[in-house]
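# Fold and contact review
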Amino acid sequence: MMDIVEDLWAAYASTLGFAMVNAFFALATYATLSAGILSFGAVTFGAAGGFLGAQMVLHSTVPLPLIFLAAGLAGAVVSLLVAMIFLRLESHWMALASLALVLITRVVVLNTPDLTGGVNGLSIPQPLPLEWLAGLLVVTVGAFYALDRSWYGIAARAVREDTSVATCMGIDPRRIQLIAMGISGFVGGLGGVMMALMLQFVSPDTFFIHVAFTMIAGVVLGGSHHWFGPVLGAAVFTALPTVMQAFIPEMQDIGNGAALLLIMIFLPRGLLDPRAMRLRRARK
Amino acid sequence: MTLLALADVTKSFGGVTAVGGLSFTVRPRHVVGLMGPNGAGKTTIINLISGLLHPDAGTIRLGGQPVTRARPHEIAGGGLARTYQNVRLISGMTALEQVIVGSYLRRGTSLLASILHLPAARAAARATRADAMDLLARVGMADRADTLAETLSYGEQRRIEIARALASQPKLLLLDEPTAGMNAAESAEIGRLVHALRDDGLTVLMVEHNMRLVADFCEHVVVMNFGRKIAEGPPAACIADPAVQEAYFGKQRDAQRHRA
Amino acid sequence: MELFFAQLLNGCALGALYGLFGIGFGLVFATMGILNAAQGAYASWAAIVAMYAIDLLGLPFPVAVLVGILAGGMVAVLVDQIGFEPLRRFGPGLHQAAMLGALITSIAFWIMLESAAGFATGQQSLAFPPGSYPAAVFHAGPMMLPAMQAITLAGLVVVGGGMHWINTRTRFGAAMRAVGWDPVAAGLGGVNARVIVIATAFLSGGISGFAGILSGISTANVSASLGQGLMLKGFAAVVVGGYDDIRGTAIAGLALGVLEVFCAQYLSSSWRDGFAYALLLGFLMLRPRGLFGSAGFTRA
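Since we're looking at a predicted model, the values are computed, not measured. (Residues numbered from 1 in each chain as written. Chains lettered and ligands numbered in written order. Predicted model: local features only at pLDDT ≥ 70, side-chain atom pairs only at ≥ 80, totals over all residues. Heavy atoms only, no water.)

### Overview of the overall build of chain C
Under the convention used in this document: Counting from the N terminus, the helices are DSSP H or I runs at least four residues long and the strands are E runs at least two residues long. Under the convention used here, a 1.4 Å probe and the Shrake-Rupley method define accessible areas, while residue burial counts only the protein chains that appear.
Secondary structure summary: chain C contains 11 helices and 2 strands in total. The secondary structure elements of chain C, listed N-terminal to C-terminal, are α-α-α-α-β-β-α-α-α-α-α-α-α. By element, 69% of the accessible surface of chain C is carried by carbon and sulfur atoms, the whole surface being about 12,200 Å².

Written out as C-alpha cells, the structure is:
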C-alpha cells in the first residue's frame, strides 16, 4: 500500500514540478500579452536563463538563489535588447518577428557548442528542490498580483485594449511595453533555469517552437486577462497529458489537441475571465 | 493670450486634402465650437491637435509650446484631454476604473512605488479614487461607479468618457460631438456641464455639426467645409453668414429649386 | 562550374518547394489574417495519402498526386470550419483576439493532425515506392535535370501563375480579398462569405499539400514531421516575399532554397538555417511588407 502511495507521489511530484516550471513560461508570455504584445520571445529568454544557469551549475560553486537571479537577469537583458528593436513593429509583425527569433535561437544554440553543448546539450547533475520551485513561483505570482493592482497594471490594460486611447490619456505605450518585455525576460529567464534543473538537461530542443506554442496555449486556456490565468492554464496543460495517458495512452496527443480546441471554441476568453465574472456579478 | 493656435495646418490622405491651410486660435476660458457639414474635416483636426496624426504642413502650438510633431502622450502631458465621436471606453473596466485610468498623468507616484505598494503610493491611490468618485458625481454617474461601463447606455458612456477626460485635469478639453445620439434634455445637460467647467477655468474646443447646439453652447465658432475655414466669429454671425448657409443648406436649396 | 550549376538547380528545386508551400500558407494569412500552425500538417497528410494511393490502391502517379492534393484541401477545410469558423464571430479577420484564438486552435489541430499522421505512418519515415514516380533525367549539355526537379519547378510556375491570375483577374480573387478584409461587409455586398472562405481554405490546403507530396518524393521521406520543415521555411518565404504577394513569395522561396544550398556548400552547413532566419528577421524589421511591398508602412 505504501508503495502505491510512494509511486503515485513520484509520478505526481514530477508533474507538479513541470506544471510549476510551465507556469513561469506562461507568466512570461502573459507579461507581454497583458500589455498588448503577442510574443513568443519567452522561449529565447528561457534559453538565455537556462544555458547560463546550466553553465553556472557546471562550472562554479555559486549557490542556487544567485544562479536564479543571474538567469532572470540574463533573460531580462536579452528581452530588453529585443524590445528595443522589435517594439517599432506593429503587433502582427511583432508576433511574427518573435517567432523568427525562436527559430534563430535554435540555430545559435546549435552552433555555439562551447556555451550550450551544441546538439548534444548539457547534463546538469543538480536536482531542483521542489520547495525552491514552489517558493519562487509563489513570490512571482505575488509580484504579478501587485503589478496588476499598480499604475503599471492599469496603464498596461489600457494599452492592450485600445493603444490609441491610452496614449491620448498620457500613457506612453512604448514605455509600458518595454517594462512588459523586461518582466517577460526576467520571468522567462527564471523559467529557463527551472526547466534546465527540472530536466537536469538542456539541449536545443528544450527551448524550441513547441514550448512557444504550449505556453501561449496555456495562457489563453487559463485566461489571458487575469494574473492567475497563466498559472491555472499551465497546470491544466501539464496535467492533461498525464490524465490522457491514464485513459487513452496511445491517443494522448490527439486528446490534448481536442481538449485545447474545445476550450478555445467554448471558452475563448479562458477559464478565468474577470470581465465575465463582473458581468455575472452585475446580473445578480 | 492664446491657449491653442493652429497656423496654416494642412493634412491630406492619398492626394485628398482633408484639412487645407487652416488657422485659428482658442483663448483660455472660452468654449469654442468647430462646426461644419459631415466630411468637413473636423475629426481630422481633433486628431491632429491630439497628436494621433501629424500635419503635412503648418504648426500647432499648445500653451505657447510647439506640438506639431509631438506624440499623443506628450501632448496629453501638456494639458490636453479628449473624447471620441464614437465613445471609446476600455473594455472590462467599471465606470470608476475608467475615470481612474484617465488620472494616470496625475497619479502622484512613480510606477515603481506603485508596484511596490509603498505607503505613499497607497495614499496617492486613495486620493485618486476619491477624486474619480467626485468626477463621476459631477457627471451624474456616482451611483454607477462599480458597473461595467460597457453595459451602460450610450448617453451614460458619453458622460463617463467626459469624466475620464477631466480626470487628467486638462487645460484644454476636446469634445468630439459630445451630444451625438442624445435627446434634447440630455444635450442641454451636457451644455450646462460645459459651461460649469468653463466657469471653473477650463477651455473647451468642441466639434458639433448641430447649429442650434453651437449657438447655445459656444462663445466663438470656427466653421469649416471641405477642410477649409469658411467663417469665424460669434455663433449668431457665423450661422447667418451666406457661405455657411450655402455649405449647410446649399444643396437642399438647389434641389428645391430644381424641383420647383 | 558544373557543380555550381547542379547546386543552383538543387537550390531552385528546394526553393520551389518552399515557394509552393508558402503560397498556400500566405493565402490564408493574407485573406483571413490567420497564422496557421496546422499548415505543415496539410503537407504531411497530402504526402501520406498520395503515397498510400500508389502503394495500396495502385493508382497511377498523376491520379495519386491529385488524390493527395484533394486530401490536403479537405483537411484544410475541416480545420477551417471546425477551428476557425466559430472564432469569426469576433469580427473582421485581422482582429487581434480572433487572430490569437485562431492561432491556438491551429496549434490544437497541428498537435492532433501530426499525431494522427504518426499513426498513419506507423511512426516511421516511409517513402514512395521506387519506380512509382517519374525518374528520368534530362540532359542539356553538361547540365542534368531530374524529372522530379523539373516537375517541382514547373509546379511553382503553374501554381504561382495560376494564383496570381485568380487574384488579379477573376471575381473569385476579388471576393477572397473582400472576405478577408471584412466578412460582414462582403456578405452585404452579395458575396457568399462562407463559400469563399471554404474555397480559400481548400486552395490553401491543396497547394501546401502539393508541396508536401513533391517534398516527400524528392527527399524520399514521408513522415508525420514532413510538414514541419516546410512550414518554417515556407513561413520565411511568405514574410520575405510579402504576405499578400504571390510573385514575391515564389521568388523569396527560390532565393531561400538557393541560399540554403549554397551556404551548405560553400560556407557552413550548420549555419545555413541561420542565414534564412536572419534574412526573415531582417525583412520583418526593414521591409515588413516584403520584397516588392510598399515601404511606407508604419506602426498604426
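### Quick notes on the pairing of strand E9 (residues 220-225) of chain B
Residues and elements named next belong to chain B. What counts is decided by this rule: Under the scheme applied here, a residue whose accessible area is under 20% of the maximum for its type counts as buried, over 50% as exposed, and between as partly exposed, the area being computed with a 1.4 Å probe on protein chains only. Whether two strands pair comes down to DSSP finding at least two bridges between them.
Counting buried residues along E9, 5 of its 6 residues qualify, which places the element largely inside the surrounding structure. Of the pairings in the sheet, the one linking strand E3 (residues 31-35) to E9 comprises 4 bridges and is parallel in character. The residue of E9 that forms the bridge with glycine 33 is valine 221. Sheet analysis places E9 next to strand E10 (residues 228-233), joined by 5 bridges and oriented antiparallel. Residue pairing across strands places valine 223 opposite alanine 231, the latter belonging to E10. As consecutive antiparallel partners, E9 and E10 are separated by 2 residues, and within that stretch phenylalanine 226 has a phi angle of approximately 50°, a positive value.

### Observations regarding the packing of helix H10 (residues 209-222) of chain A against helix H11 (residues 229-247) of chain A
All names here are of chain A. The test is simple: Axes, fitted as lines to C-alpha atoms, cover a helix only where it is in contact. Angles between the N-to-C directions of the axes lie from 0 to 180 degrees. In this scheme the crossing of two helices becomes right-handed for a clockwise turn of the near helix relative to the far one and left-handed for an anticlockwise turn of less than a right angle. The contact definition used throughout considers only heavy atoms, calling two residues in contact when any of these lie within 4.5 Å. For this scheme, ten residues count as nonpolar: Ala, Val, Leu, Ile, Met, Phe, Trp, Tyr, Cys and Pro. Four count as charged, namely Asp, Glu, Lys and Arg, and the remainder, Gly too, count as polar.
For the pair H10 and H11, interaxial distance at closest approach is 7 Å and the crossing angle is 115°. Remark: the crossing between H10 and H11 carries right-handed chirality. Contacts from Thr214, Ala217, Gly218, Val219, Leu221 and Gly222 in H10 reach Gly229, Pro230, Leu232, Gly233, Ala234, Val236 and Phe237 in H11. Grouping the amino acids of the contact of H10 with H11 by side-chain chemistry returns 8 nonpolar, 5 polar and no charged.

### Section: the side chain of B:Arg107
How we decide: For the purpose of counting charges, residues Lys and Arg are taken to be positive, whereas Asp and Glu are taken to be negative. His and the chain ends are not included. Only one rule defines a salt bridge in this text: a Lys or Arg side-chain nitrogen within 4 Å of an Asp or Glu carboxyl oxygen. Residues adjacent in sequence count toward polar contacts only when both atoms are side-chain atoms; beyond that, a polar contact is any pair of N or O atoms within 3.5 Å, and within protein one must be able to donate a hydrogen and the other to accept it.
By the element assignment, B:Arg107 lies in the loop between helix H3 (95-102) and helix H4 (111-115). Buried within the structure, B:Arg107 lacks any salt-bridge partner; A:Asp172 is the closest side chain of opposite charge, at an N-O distance of 10 Å. At 2.8 Å, the side chain of B:Arg107 forms a polar contact with the backbone oxygen of B:Tyr104. Among all residues touching B:Arg107, those that are not within four sequence positions of it are A:Trp151, A:Arg175, B:Ala124 and B:Thr128.

### Remarks on the pattern of salt bridges
Side-chain pairs of opposite charge can arise where the charged atoms are in close proximity. According to the stated counting rule, one finds 20 salt bridges over all chains in the structure shown. Between B:Arg71 and A:Asp172 there is a salt bridge whose closest N-O contact spans 3.4 Å. Taken as a pair, B:Arg71 in the loop between strand E5 (65-66) and helix H2 (72-77) and A:Asp172 in the loop between helix H8 (163-168) and helix H9 (173-199) lie in two separate chains rather than in one. In this structure B:Arg71 comes out as partly exposed when scored by relative accessible area, which is 30%. Of the charged contacts in the structure, one is a salt bridge between C:Glu260 and C:Lys233, with a shortest N-O distance of 3.1 Å. Of this pair, C:Glu260 sits in helix H10 (residues 246-267) while C:Lys233 sits in helix H9 (residues 226-241), placing them 27 residues apart in sequence. A relative accessible area of 5% means that C:Lys233 is categorised as buried. Salt bridges here are not isolated pairs; linked through shared partners, they connect A:Asp148, A:Arg149 and A:Arg157.

### A look at the interface of chain A and chain B
Short version of the rule: Once two parts are put together, the accessible area they lose, assessed with a 1.4 Å probe and summed over both, is termed the buried area.
With 28 residues of chain A at the interface, the matching set in chain B holds 33 residues. For the pair chain A and chain B, the summed buried surface comes to about 2,800 Å²; carbon and sulfur atoms form 66% of the total. Contact with chain B buries surface across chain A, with A:Trp151, A:Cys168 and A:Met169 losing the most and accounting together for 28% of the total. Of the charged contacts, one joins A:Asp162 and B:Arg88 as a salt bridge, the two residues approaching to 2.9 Å between their closest N and O atoms. The interface formed by chain A and chain B holds 10 residue pairs in polar contact (both at pLDDT 80 or more) in total. Breaking the side of chain A that touches chain B down by element, the ones donating at least two residues are helix H6 (130-149), helix H7 (151-161), H8, H9 and helix H13 (274-283) of chain A. If one sorts the elements of the side of chain A that touches chain B by residue count, H7(A) sits on top with 7 residues. For the side of chain A that touches chain B, a count of residues per class yields 15 nonpolar, 4 polar and 9 charged.

### Description of the sheet that holds strand E8 (residues 203-207) of chain B
Residues and elements named next belong to chain B. Pairing in this open sheet of 6 strands is mixed, and the strands run E6-E7-E8-E3-E9-E10 from one edge to the other. The sheet is open, and its two borders are formed by strand E6 (80-82) and E10, each paired with just one other strand. Between one strand and the next, the sheet's axes are offset by a mean angle of 20°, whatever the strand orientation. For E3 and E8, the ladder comprises 4 bridges, and the chain directions are parallel. By the bridge assignment for E8, glycine 33 is matched with methionine 206. The strands touched by helix H6 (residues 154-166) within the sheet are E6 and strand E7 (172-176), with E7 carrying the most contacts at an inclination of about 160°. In the packing of helix H7 (residues 184-199) onto the sheet, the strands contacted are E3, E7 and E8, and the crossing angle to E3 comes to about 135°.

### So, the confidence of the model for chain C
Predicted coordinates in regions of low pLDDT should not be interpreted in detail. Residue and element names in this part refer to chain C. What counts, and what does not: What pLDDT reports is the predictor's confidence in each residue, on a scale of 0 through 100.
Across chain C, the average pLDDT comes to 84, with 88% of residues at or above 70. Below pLDDT 50 for its whole length, residues 294-300 participates in 13 contacts with residues either more than four positions away or in separate chains. Across the interface, the model reports ipTM at 0.90; the global pTM reads 0.84.

### So, the sheet that holds E5(B)
All names here are of chain B. If you trace the 4 strands from one edge of the open sheet to the other, you get E2-E1-E4-E5, paired in antiparallel fashion. With partners counted over all chains shown, the strands left at the sheet margins are strand E2 (16-26) and E5, one partner each. Here 7 bridges tie strand E1 (residues 4-13) to E2, and the two strands are oriented antiparallel to one another. Counterpart to leucine 4 in the pairing with E2 is valine 26.

### Focus: the interface of chain A and chain C
Buried accessible area, meaning the area lost when the parts come together, often serves as the stated size of an interface. Every contact between the two is made by 41 residues of chain A and, on the other side, 45 residues of chain C. Roughly 4,000 Å² is buried in total at the junction of chain A and chain C, and carbon and sulfur atoms are behind 81% of that figure. Our count for the contact surface shared by chain A and chain C stands at 0 salt bridges. Inspection of the chain A/chain C interface yields 0 residue pairs in polar contact (both at pLDDT 80 or more). Those elements giving two or more residues to the side of chain A that touches chain C turn out to be helix H3 (64-86), helix H4 (91-111), H9, H10 and helix H12 (252-266) of chain A.

### Digging into the side chain of B:Asn47
Residues and elements named next belong to chain B. Within the element layout of this structure, asparagine 47 appears in helix H1 (residues 42-50). For asparagine 47, a relative accessible area of 17% corresponds to the buried category. In contact with asparagine 47, not counting residues within four places along its chain, are Leu52, Leu53 and Arg82.

### Here's the deal with the nonpolar core
Operational definition: For this analysis, a nonpolar core means a set of buried residues of the types Ala, Val, Leu, Ile, Met, Phe, Trp, Tyr and Cys, connected via side-chain atoms within 4.5 Å.
Counting 237 residues, the largest nonpolar core has A:Tyr152, A:Ile171 and A:Ile176 as its most contacted members. With near-sequence residues (within four places) excluded, A:Tyr152 lies in contact with A:Ala31, A:Ala35, A:Leu147, A:Ile176, A:Ile179, A:Ala180, A:Ile183, B:Leu111 and B:Ile115. Residues B:Val26, B:Ile46, B:Val67 and B:Leu174 belong to the second largest nonpolar core, which totals 28 residues.

### Observations regarding helix H5 (residues 147-169) of chain C
This is how the line gets drawn: The span one expects for a helix is its residue count, reduced by one, times 1.5 Å.
Its 23 residues give H5(C) an end-to-end C-alpha distance of 31 Å, which sits within 8% of 33 Å, the value for a rise of 1.5 Å per residue. Of all the residues in H5(C), the buried ones are C:Ala147, C:Met148, C:Gln149, C:Thr152, C:Gly155, C:Leu156, C:Val159, C:Gly160, C:Met163, C:Ile166 and C:Asn167.

### Focus: the arrangement of the chains
Contact analysis covers 2 pairs of chains in contact, and the most contacts occur between chains A and C. Between chain B and chain C there is no contact, and the shortest C-alpha to C-alpha separation is 9 Å.

### Observations regarding the packing of aromatic side chains
Filter applied, for reference: Pairing of aromatic rings covers Phe, Tyr and the six-membered ring of Trp, with a centre-to-centre limit of 6.5 Å; geometry is then stacked below 30 degrees between planes, edge-to-face above 60, and tilted otherwise.
Counting across every chain of the model gives 12 aromatic pairs over all chains. Ring plane angle 70° and centroid distance 4.9 Å describe the contact between A:Tyr145 and A:Trp227, whose orientation is recorded as edge-to-face. Of this pair, A:Tyr145 sits in helix H6 while A:Trp227 sits in the loop between H10 and H11, and the two are 82 residues apart along the sequence. Judged by relative accessible area, A:Tyr145 falls into the partly exposed class, the value being 35%. Each ring, one from C:Phe25 and one from C:Phe235, has its centre 6.2 Å from the other, and the planes form 80°; the classification is edge-to-face. A residue pair is termed long-range when its members are at least 10 positions apart, and C:Phe25 in helix H1 (residues 2-32) and C:Phe235 in helix H9 qualify at 210 residues. Judged by its relative accessible area of 5%, C:Phe25 is buried. Classification of C:Phe235 as buried rests on a relative accessible area of 5%.

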